[in-house]
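# Secondary and tertiary structure notes
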Amino acid sequence: MAAPAKSANSATVNHPEAPSSVQNLTIGKALNLGLRKAMEDNDKVLILGEDVGKLGGVFRITDGLQKDFGEQRVLDTPLAESGIIGTAVGLAVRGFRPVCEIQFEGFIFPGFDQINSQLAKLHYRTQGKIKMPVVIRVPYGGGIGAVEHHSESPESLFAHLAGLKVVSCANPVDAYWMIQQAITSDDPILFFEPKRLYHSGALKAPVDTAATPEPLHKSRVIRQGTAATLVGYGPSVQVCLDAATAASSEGTELEVIDLRSLSPLDLAPVFDSVRRTGRLIAVNEAPSESSLTSEIVARVQQECFYSLEAPAMRVTGFDTPYPPAKLEEHYLPDLDRVLHAVDRAMNW
Amino acid sequence: MSSPEQWAHPDQGAESAATTVQPTPEQVIAGLRATTEGGADLIQLLTPEGERVPSPIFDPYVADVDIESLRELYRDMVIVRRADREANAMQRQGQLGIWVPLLGQEAAQIGSGRALLSNDMAFPSYREHGVGYARGVDFKELLGIFRCSDQGQWDFARHGFHPYTIVIGNQVLNACGYAMGQKFEGKVGNPESSGGENEATICYFGDGATSQGDVHEGFVWAAVYDAPLVFFCQNNQWAISEPTERQSRLPLYQRARGYGFPGMRVDGNDVLGCLAVTRWALDACRNGNGPVLIEAFTYRMDAHTTTDDPTRYRLSDELEAWKLKDPIERVRVHLTRNGGADADFFAEVDKAADDFAAELREFCFTMPDPPPERIFSNVYAEPSPVLDAERDEFLSYLDGFATAGGER
Ligand SMILES: Cc1ncc(C[n+]2csc(CCOP(=O)(O)OP(=O)(O)O)c2C)c(N)n1
Ligand SMILES: [Mg+2]
């Protein structure tokens, strides 16, 4: 957030060749600029949430947007998540494209009914007569030393709901583009943001705002390797990359795939990879039971059965509530636990 | 509006909805927050200048509060404030992960907390350290939550002080269920002569929480089941960066009317007023005339939490205006003016508060971290072989590091 913000208009001016279209951004700032661009592109885009206006959100992701777009487009709502999401549904019926911010993932549940019963099903129920172009932004994941309900990973609860799409970004380039793609999508999308990486200077990357982005619902090989395939998303991508770097220094080359889209899943690149490496380690912070990694492992063993050299493995949070943060270093998948799983797969 | 009499006889003097004049937006804002006095309906027994204001309705509820008791209320508030400041400082020094300050809300919390009897139950949100103190919870037992080493483990039943609830509004329905249980078990409305002991429950929440569905459902449930529940809303004017007018068009206490029970606004910085009004409300509940809504009109003098920066959304003028209504200062002035306390007394209280803070600090600095197996304990009441296996596998994995040369 320390970098001087570009003026409101600079993002709209389209100079494909101009180097000024490239900015070095954190994930948080990239989301902020992506939201700004989406609001400039379409005046039906609204932002709704607690503290998103004057404060710019508790993580400052909507910083400056109310100042520039006004209180009619960036709404500091009453404190009620069912209200935020339920009214977003109605606004969408009326032709708006609401972007809801949920302050922390642990506070989305008062709105779960609206998500499950209306947001995810109206298009189906009306056989396409009503579209639900609603985005719900959810900062999620642990590692920030917080009190209860501020560090959870509930994404699989949402990936399980038919009619809803779920994505998660893991780097500034994706943050910038995926949020805009989610907003232009006519389907309801839960947009999970890796909160502990929001302001990570180490992850700062050049974002070319004039580039052509990849499609939203595609997974991507982000590091090539031969010994095993690591699959992660959101905050776990960085853990996988760190593990791959460490393994490489000992001569083991690991392939890393950023899932990006949690629903629908794009597993073709995962199958391709596992057919080459023969080993899969799927990583997420959520408890393992009925998580996204369960789905990935099931599908891989179905599609890649004859290629597997070892059982498909998982590195996840434990099947417990998120523990007091003094214990989160144990709970969260880390480089050591990922490498331990790699070792087991290699020595099977 | 706020006279309990009127609520006991709601037909008398009640305007019909059709003739009620709608407030202007300016009136709404003035009534909701602002640095005014909280409106004409504010119940106050001790003014910011330390004057005792007589109240025919509420005086009987504090008739037993003599100078000595007032000194004790003063002591409570000073100690709680000192502990709050110490915890805030310890967060700054990295000893706590976060702190949720109560600064400015001492009177609301001590006044209401001291109104409770031992069989009553309190359901806090996450800022009610003062209520916890009044319920006999050692302040130290709260620190683990904010040090992120536990999630609160005092003796809930013994203290009549439920675990903290962070998800806004959840506890209101939980408190309502507890109060319904008190009623179902015959602990409400027993004549004093019968020797049957009556009970009541109090539930704390903020101005922001009043928008949450759970809170509205709590109002409905409590009303339908005549639950012995005091809804204690500390309107500290802010829900993080959002002022109270983002939550309501009318003063919060007036909402009660729509649900069919009394609502009152008390000066939340007046410890005597809070004590009296809460005692009145608890009495009503114990006698079977619950529920009751109390809006304690107060001010969050510090940031929302230690991670918040209020300079982004509110003016320091507002804080300055509220400093003149400080909850502790008015008691000090009153005691001094009425010969209730001298410099020695105040010095002694300050010393006690400093000692308490030092004790807290010592405790916090030596608080052990929980062991890794704590992650797996008490997920279920019944045995879970699956989880036991997960724990054992993880612990032997950790042991591997120890035997491999203490990498961890
Ligand atoms: C369901 C839910 N949504 C959002 C939050 C995040 N949050 C924590 S405190 C708070 C503001 C609460 O304001 P208020 O009810 O007035 O209580 P105060 O903090 O002022 O005591 C918010 C939005 C939460 N804890 N729970
Ligand atoms: Mg508040």
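Computed from a predicted model, the values in this text were never measured in an experiment.

Here we take up the overall build of chain B. Along its length, chain B carries 15 helices and seven strands. In terms of overall size, chain B behaves like a compact globule, its C-alpha atoms giving a radius of gyration of 23 Å where 408 residues would be expected to give roughly 22 Å. If one aligns the C-alpha atoms of chain B with their principal axes, the spans along those axes are about 80 × 50 × 50 Å. Burial statistics for chain B: of 408 residues in total, 55% are counted as buried. Considering only contacts within chain B whose residues lie at least 6 apart along the sequence, 76% involve residues at least 24 apart. Only carbon and sulfur atoms are counted for the fraction: they give 52% of the accessible area of chain B, which is about 17,100 Å². One finds the centroid of the 36 positive side-chain charges in chain B at a distance of 3 Å from the centroid of its 62 negative side-chain charges.

All names here are of chain A. One can read the domain layout of chain A as domain 1 (24-208) and domain 2 (220-346). The distance between the C-alpha centroids of domain 1 and domain 2 comes to 26 Å. Of the residues lining the interface, 27 residues belong to domain 1; the matching set on domain 2 comes to 23 residues. Contact between domain 1 and domain 2 buries roughly 1,800 Å² in total, counting both sides, with carbon and sulfur atoms accounting for 54%. At the surface where domain 1 touches domain 2, the tally comes to three salt bridges. In this structure, the salt-bridge partner of Glu-285 is Arg-196, at a minimum N-O distance of 2.7 Å. Our count for the contact surface shared by domain 1 and domain 2 stands at eleven residue pairs in polar contact (both at pLDDT 80 or more). Elements with a minimum of two residues in the side of domain 1 that touches domain 2: α6 (155-159), β6 (165-168) and α7 (172-184). Residue contributions to the side of domain 1 that touches domain 2 peak at four residues, all from β6. In terms of residue class, the side of domain 1 that touches domain 2 is made up of 13 nonpolar, nine polar and five charged.

Partitioning chain B into structural domains gives domain 1 (4-365) and domain 2 (372-403). A straight line from the C-alpha centre of domain 1 of chain B to that of domain 2 of chain B covers 41 Å.

Another point: unusual backbone geometry. Omega for the peptide link from Ser-263 of chain A to Pro-264 of chain A comes to 0 degrees, which places this bond in the cis form. Positionally, Pro-264 of chain A belongs in the loop between β12 (261-263) and α9 (268-277). Residues Gly-290 of chain B and Pro-291 of chain B are joined by a peptide bond in cis, for which omega reads -5 degrees. The backbone phi angle of His-149 of chain A is positive, close to 70 degrees, even though this residue is not glycine. With respect to the element layout, His-149 of chain A can be found in the loop between β5 (135-140) and α6. Positioned with a positive phi, Arg-260 of chain A is a non-glycine residue whose angle comes to about 60 degrees. Examined against the element boundaries, Arg-260 of chain A turns out to sit in the loop between β11 (254-258) and β12. Residue Arg-260 of chain A is classed as buried on the basis of its relative accessible area, which comes to 1%.

Residues and elements named next belong to chain B. The topology assignment puts Gly-400 in helix α15 (residues 385-403). Residue classification places Gly-400 among the partly exposed positions, given a relative accessible area of 30%. Remark: the alpha-carbon pair of Gly-400 and Asp-354, spanning 46 residues in sequence, is separated by 46 Å.

The next point concerns the sheet that holds β12 of chain A. Residues and elements named next belong to chain A. The sheet built from seven strands is open, its strands ordered β3-β2-β4-β5-β7-β6-β12 with mixed pairing. Here the strands that pair on one side only, and so sit at the sheet edges, are β3 (74-76) and β12. Taking the axes of each pair of neighbouring strands and ignoring which way they run, one obtains an average angle of 20 degrees across the sheet. The sheet strands contacting helix α1 (residues 27-41) are β2 (45-49), β3, β4 (97-101), β5 and β7 (189-194), and the helix crosses β2 at an angle near 135 degrees.

This part takes up the side chain of Ser-288 of chain A. Here Ser-288 of chain A shows up in the loop between β13 (280-287) and α10 (292-303). A polar contact of 2.9 Å, which involves the side chain of Ser-288 of chain A, links it to the side chain of Asp-319 of chain A. Excluding residues within four positions of it along the chain, Ser-288 of chain A makes contact with Thr-293, Ser-294, Arg-314, Thr-316, Gly-317 and Asp-319 of chain A together with Glu-390 of chain B.

Scanning all chains against the criterion turns up 43 aromatic pairs over all chains. With a centroid separation of 5.9 Å and 50 degrees between ring planes, the pair formed by Phe-158 of chain A and Phe-192 of chain A is classed as tilted. With Phe-158 of chain A in helix α6 and Phe-192 of chain A in strand β7, this pair connects stretches of sequence that are 34 residues apart. The class of Phe-158 of chain A is buried, set by a relative accessible area of 0%. Through a chain of ring-to-ring contacts, the aromatic side chains of Trp-99, Tyr-133, Phe-139, Phe-146, Trp-154, Phe-156, Phe-161, Tyr-164 and Phe-356 of chain B assemble into a single cluster. In this structure, Arg-71 of chain B is placed above the aromatic ring of Phe-345 of chain B, and the distance from its NZ or CZ to the ring centre is 4.2 Å. Above the face of the Trp-322 of chain B ring, Lys-325 of chain B is positioned so that its terminal group lies 4.0 Å from the ring centre.

This brings us to the packing of helix α6 (residues 140-147) of chain B against helix α14 (residues 343-365) of chain B. All names here are of chain B. At a closest axis distance of 10 Å, the pairing of α6 and α14 adopts a crossing angle of 45 degrees. Judged by the angle between their axes, α6 and α14 are oblique. Between α6 and α14 lies a crossing of right-handed hand. In this structure, α6 uses Lys-140, Leu-143 and Arg-147 to contact α14, whose residues at the interface are Glu-359, Leu-360, Phe-363 and Cys-364. By residue class, the composition of the contact of α6 with α14 is four nonpolar, no polar and three charged.

Our next topic: the site of ligand 1. Around ligand 1 sit 20 residues, and of these Glu-81 of chain A together with Tyr-126, Arg-127, Ile-166 and Gly-208 of chain B come closest. Neighbouring residues of ligand 1 are distributed over chains A and B. The backbone of Ile-166 of chain B places a nitrogen or oxygen atom 2.8 Å from a nitrogen atom of ligand 1. In this structure, an oxygen atom belonging to ligand 1 sits 3.4 Å away from a side-chain N or O atom of His-304 of chain B. Starting from 580 Å² of accessible surface for ligand 1 in isolation, the protein chains cover 96%. Of the residues assigned to the shell around ligand 1, the class counts are ten nonpolar, six polar and four charged.

Bringing the coordination of the magnesium ion (ligand 2) into the picture now. Residue and element names in this part refer to chain B. The protein atoms that coordinate the magnesium ion (ligand 2) are Asp-207 (OD), Asn-236 (OD1) and Trp-238 (O), at distances of 2.1 to 2.2 Å. Donor residues for the magnesium ion (ligand 2), ordered by position in the chain, follow D-x28-N-x1-W. Here Asp-207 is found in the loop between β2 (201-206) and α9 (213-224), whereas its partner Asn-236 is found in the loop between β3 (229-235) and β4 (238-239), with 29 residues between them in sequence. The burial state of Asp-207 is the same as that of Asn-236; both residues are buried.

In this section: the interface of chain A and chain B. Contacts between the two partners involve 43 residues from chain A, matched on the other side by 41 residues from chain B. Summing both partners gives a buried area of about 3,500 Å² for chain A against chain B, and 59% of it is carried by carbon and sulfur. Scanning the region where chain A abuts chain B turns up one salt bridge. A salt bridge links Arg-312 of chain B to Asp-63 of chain A, with the shortest nitrogen-to-oxygen separation between them at 2.8 Å. Put simply, chain A and chain B have eleven residue pairs in polar contact (both at pLDDT 80 or more) between them. Mapped by element, the contributors of at least two residues to the side of chain A that touches chain B are α11 (328-331) and α12 (335-346) of chain A. Looking at the side of chain A that touches chain B, its residues break down into 17 nonpolar, eleven polar and 15 charged.

Rules of the game
- Residues numbered from 1 in each chain as written.
- Chains lettered and ligands numbered in written order.
- Predicted model: local features only at pLDDT ≥ 70, side-chain atom pairs only at ≥ 80, totals over all residues.
- Heavy atoms only, no water.
- Helix = DSSP H or I, 4+ residues; strand = E, 2+ residues; numbered from the N terminus.
- Rg over C-alpha atoms; globule rule 2.2 N^0.38 Å.
- Buried < 20%, exposed > 50% of the residue type's maximum accessible area, 1.4 Å probe, protein only.
- Contact = heavy atoms within 4.5 Å.
- Areas by Shrake-Rupley, 256 points an atom, 1.4 Å probe, with all protein chains shown as cover.
- Lys, Arg positive; Asp, Glu negative; His and termini not counted.
- Charge placed at Lys NZ, Arg CZ, Asp CG, Glu CD.
- Domains from an automatic or database assignment.
- Buried area = accessible area lost by both parts, 1.4 Å probe.
- Salt bridge = Lys/Arg side-chain N within 4 Å of Asp/Glu carboxyl O.
- Polar contact = N/O pair within 3.5 Å; in protein donor to acceptor, adjacent residues only side chain to side chain.
- Nonpolar A, V, L, I, M, F, W, Y, C, P; charged D, E, K, R; others polar.
- Pairing = 2+ DSSP bridges.
- Axes fitted to C-alpha atoms, helices over the stretch in contact; angles between N-to-C directions.
- Phe/Tyr/Trp six-rings, centres within 6.5 Å; stacked < 30°, edge-to-face > 60°.
- Lys NZ or Arg CZ within 6 Å of the ring centre and 35° of its normal.
- Parallel < 35°, antiparallel > 145°, perpendicular 65-115°, else oblique.
- Left-handed = near helix turned anticlockwise from the far one by under 90°.
- Near = heavy atom within 4 Å.
- Donors = N, O, S within 2.8 Å, 3.2 Å for Na, K, Ca; no water.

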